[in-house]
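What follows is each chain in one-letter form.
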Amino acid sequence: MTVAVVLFTSDLRLHDHPPLHAALKAADEVVPLFVLDPGIHAAGFDAPNRRAFLADCLNDLDASLRRRGGRLVIRDGPVPREVRAVAAECGATEVHMAAGVTAYAHRREERLREALGGDGVALRVHEAVITAVAPGAVTPAGSDHFAVFSPYFRRWSQESLREPLAAPRTVRVPDGVRGEPLPDRAQVPGVSPGLPTGGESAGRDLFSRWTRSGLTLYEDRHDDLAGDGTSRLSPYLHFGALSPVELVQRSRTHGGPGAEAFVRQVCWRDFHHQVLAARPGASTEDYRTRHDRWRDEEEAAEDIAAWREGRTGYPVVDAAMRQLRHEGWMHNRARLLVASFLTKTLYVDWRIGARHFLDLLVDGDVVNNQMNWQWVAGTGTDTRPHRVLNPLVQARRFDPDGTYVRRWVPELGDVDGRRVHEPWRLTAQERSALDYPEPVVDLAEGLARFRHARGRD
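Residues numbered from 1 in each chain as written. Predicted model: local features only at pLDDT ≥ 70, side-chain atom pairs only at ≥ 80, totals over all residues. Heavy atoms only, no water.

Student: For this particular structure, what's the right way to read helix α6 (residues 149-157)?
Tutor: Count 3.6 residues to each turn of an α-helix, and residues three or four apart come out pointing the same way. Of all the residues in α6, the buried ones are Phe149, Tyr152, Phe153 and Trp156. The buried side chains of α6 occupy one side of the element, clustering within an arc of 100° when seen end-on. Close packing links the buried residues of α6 with α10 (244-254) and α11 (257-278). (Buried < 20%, exposed > 50% of the residue type's maximum accessible area, 1.4 Å probe, protein only. Helix = DSSP H or I, 4+ residues; strand = E, 2+ residues; numbered from the N terminus. Arc of directions from axis to C-beta. Contact = heavy atoms within 4.5 Å.)

Spelled out as structure tokens, the structure:
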């Protein structure tokens, strides 16, 4: 009997899973393996919301495998050591896994290849598993990646995607491979109370329901803060519980402006992957320096604390930050405006905001989190790096009657209509009844400071 190991990482699903599909074709038996990597903890990336969502994903994956006659093997320890040990225990000749783009993923692959090579075990790395198009598949003339989204999108749209692979009917796992107990979401402290349920089953159900009711309207509603016309699929894409290839193919089959707008958002995700694959240092360093002299954590301590706590005095900013803390998720339009407020209105280093997002976001990953923060801060790929999103303009446009603000800032719940966006303009009597702070900064002063710092005054 021939045996192969499938190492699951950010691809926690059975549908459209090229490494699993290849392993089942190459071997009689397969060991589906997930390693609880202490390196993730050491790097500070196993935030409670993601640990809880991961537990859901692993339990769902195990249940799906058991319905097919298999099981998920959990090991705990350094990835090269544990994968090598499992391969030796079952006599595997191949290990299959999805390609990653971060510096950490590259080091993990290199160490795996070295550890397995000494035992004569081949490492097979599969592209376009966590992205729709592999990072290096689309490049411009004279460069290793696209630095601007629009030309990338045009080329990306011309790529032929594979047909999504069906989930296997049967998975035969050899006896005697030791595994640890599955993690339990209930044992994770500090989880946001509104965190969604993780796993491929929940993700596929959400996508199917949203395709029927939300995809058609996506183009018109995706920026509506109160209406929340987004798909909310980002956590499932982050953990690979859904296939981006399948999402694109099914959306294109559905057709229409809403589907086209959604596919464009999936392309943004691929765009950031190809940028970071080519420039891994951009996870911590400016992709394009503006020679900023950011206010540091000591100088801006009070402003940073107010931003994190949702007490800036700007209701739409505070609503978004409170949604983040409660759900472990934030509306995409809200992400843009709170990031602009921190980096440009308060002139605080984008890395401080990115770290806070990674502490709470269930979909927080190095690729999209860091590159989106850089885009907003003007140190990334934005072709208008000095633009500033005015929170009042954003609120009036995307939360015109204040429903989103009143949902998340209950102390303003009795302020009617658009007045909720500018509580400092209420009468003295109305203000005295509110437990809500004054703005931490005047918008004009914040804009002047930023423009001076960038040499544009």
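Student: Explain the UniProt feature "domain: Photolyase/cryptochrome alpha/beta" (unreviewed entry) in the protein to me, please; I cannot follow it from the model alone.
Tutor: Following the UniProt record, the feature "domain: Photolyase/cryptochrome alpha/beta" (unreviewed entry) maps to residues 2-131 here. As annotated, residues 2-131 comprises 46% helix and 22% strand, and the C-alpha atoms at either end are separated by 30 Å. (UniProt positions renumbered as here; feature names shortened; annotations may be inferred.)

Student: Explain the pairing of strand β2 (residues 29-36) to me, please; I cannot follow it from the model alone.
Tutor: Every other side chain in a regular strand lies on the same face of the sheet, so the side chains alternate between the two faces. Burial of β2 is extensive: seven of the eight residues sit out of reach of the surface. In this sheet, β2 lies alongside strand β1 (residues 3-8) in parallel orientation, the contact comprising six bridges. Bridge pairing in β2 places Val6 opposite Pro32. In terms of handedness, the path from β1 via helix α1 (residues 18-26) over to β2 forms a crossover that is right-handed. Sheet analysis places β2 next to strand β3 (residues 73-76), joined by four bridges and oriented parallel. Residue Leu36 lies in a different strand from β3, and its bridge partner there is Asp76. (Pairing = 2+ DSSP bridges. Right-handed = clockwise from strand over helix to strand, strands pointing away.)

Student: Mind showing me how you'd approach the sheet that holds strand β5 (residues 122-126) here?
Tutor: Pairing between the strands of a sheet is mediated by backbone hydrogen bonds and can be parallel or antiparallel. Judged by pairing direction, the sheet is parallel, and its five strands sit side by side in the order β3-β2-β1-β4-β5 without closing on themselves. Only two strands of the sheet have a single neighbouring strand rather than two, namely β3 and β5. Neighbouring strand axes in the sheet, compared pairwise and without regard to direction, differ in orientation by 30° on average. On the sheet, helix α4 (residues 79-90) packs against β1, β2, β3 and β4 (94-98) and is oriented at approximately 155° with respect to β2. Running at roughly 155° to β5, helix α5 (residues 103-117) makes contact with β1, β4 and β5 of the sheet. (Axes fitted to C-alpha atoms, helices over the stretch in contact; angles between N-to-C directions.)

Student: Looking at this structure, I do not really get the side chain of Ser251. What am I missing?
Tutor: Relative to the elements of secondary structure, Ser251 occurs in helix α10. A relative accessible area of 0% means that Ser251 is categorised as buried. Reaching out from Ser251, the side chain makes a polar contact with the backbone oxygen of Leu247 at a distance of 2.7 Å. Among all residues touching Ser251, those that are not within four sequence positions of it are Phe207, Leu215, Ala259, Phe262 and Val263. (Polar contact = N/O pair within 3.5 Å; in protein donor to acceptor, adjacent residues only side chain to side chain.)

Student: Could you clarify how one ought to interpret unusual backbone geometry in this entry?
Tutor: Leaving glycine aside, a negative phi is the common case for residues, and trans is the common case for peptide bonds. The phi torsion at Ala128 lies on the positive side, around 55°, for a residue other than glycine. For Ala128, the position within the fold is in the loop between β5 and α6. Of note in this structure, Arg232 is not a glycine but carries a positive phi near 60°. Within the element layout of this structure, Arg232 appears in the loop between α8 (218-221) and α9 (234-238).

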